[in-house]
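An overview of the molecular structure
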Amino acid sequence: MKKYIFTLAALLIAAFSFAQTSAEAKTILDKAYSSYENSKGIKMSFSVATTDENGTAYQAQKGTALVKGNKFKIEMPTIDTWFDGKTQWVLMKDLNEVNISNPSPEEIASISPLALLSMYKTGYTLKNPVTKTVNGKSASVIDMTPTMSKSDFNNISVAIDKKTNTVLQVNLTMKNGMKNKIDISDYNANYNFPDTDFVFDKGKYPKVEIIDLR
């Protein structure tokens, strides 16, 4: 299930080095980042469809994400994740256990929507946006390619809603051939979540085994 956390984190990803980046595409991503960064709280639904390197398609995984700055909670059928800005709790429902860790900035960048969205500022080239209809909405679709050989991605395509400057869809092609398509719906930036929403509440899970990896 870690691949779904990693993939979700990319639901607001965008990335590119300025030297070879389309100015128009960067402007679009700047607006998306600003809208996201300035919100007091965002709630969104998502669906992740994965095709492995052998071409096998897996059943789409649906979930909900709550986001407030660098804090987030990700809810999925078999795994929930909380991050309060320092500590991360990962509840694996099928195992009835929660792992606690203090992830490094690099580790949290793979699952934090804000950290991933900010990556467009360096490390990728960005093509001129193309207007397409995505999930019934007019969108600017931006293709991007990593400039660093150590990147896990081969190609990323992001669809930004022209009207709301929010992400509608992300398509990721990994270097190993795995593909992920993330569709985002019910995006609402009008929440004001209390910080407790991003902390695992042991009292609500009295029978869960706690594994402290810090």
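Small disclaimer: the values here were computed from a predicted structure and weren't measured.

Attention shifts here to the overall build of the protein chain. Each helix and strand counted, the protein chain has four helices and 13 strands in total. Looking at the protein chain residue by residue over its 214 residues, the buried ones come to 48%. Partitioning the contacts of the protein chain with sequence separation of at least 6, the portion at a separation of at least 24 is 56%. Of the roughly 10,800 Å² of accessible surface on the protein chain, 48% is carried by carbon and sulfur atoms.

For the rest of this paragraph, the subject is the pairing of strand β8 (residues 130–134). Of the pairings in the sheet, the one linking β8 to strand β9 (residues 137–146) comprises five bridges and is antiparallel in character. Paired with V134 across the bridge in β9 is K137. Following β8, the chain reverses through two residues before pairing antiparallel with β9; N135 in that reversal takes a positive phi of roughly 55 degrees.

Once that is clear, we can look at the confidence of the model for the protein chain. Low pLDDT marks regions whose predicted coordinates should not be analysed in detail. Mean pLDDT over the protein chain stands at 82; residues scoring 70 or higher make up 82%. Confidence, expressed as mean pLDDT per element, reaches its minimum in the protein chain at helix α1 (residues 2–9) with 51 and its maximum at strand β6 (residues 97–101) with 96. For residues 11–20, every residue scores under 50 in pLDDT, and the model assigns this stretch 50 contacts once sequence neighbours within four places are set aside.

Attention now goes to the environment of V208. Relative to the helices and strands, V208 is located in the loop between β12 (179–188) and β13 (209–212). The class for V208 is buried, based on a relative accessible area of 12%. For V208 and V98, which are 110 residues apart along the polypeptide, the C-alpha to C-alpha distance reads 6.8 Å. In contact with V208, other than residues within four places in its own chain, are L91, N96, E97 and V98.

Rules and cut-offs
Residues numbered from 1 in each chain as written. Predicted model: local features only at pLDDT ≥ 70, side-chain atom pairs only at ≥ 80, totals over all residues. Heavy atoms only, no water. Helix = DSSP H or I, 4+ residues; strand = E, 2+ residues; numbered from the N terminus. Buried < 20%, exposed > 50% of the residue type's maximum accessible area, 1.4 Å probe, protein only. Contact = heavy atoms within 4.5 Å. Areas by Shrake-Rupley, 256 points an atom, 1.4 Å probe, with all protein chains shown as cover. Pairing = 2+ DSSP bridges. pLDDT = per-residue confidence, 0-100.

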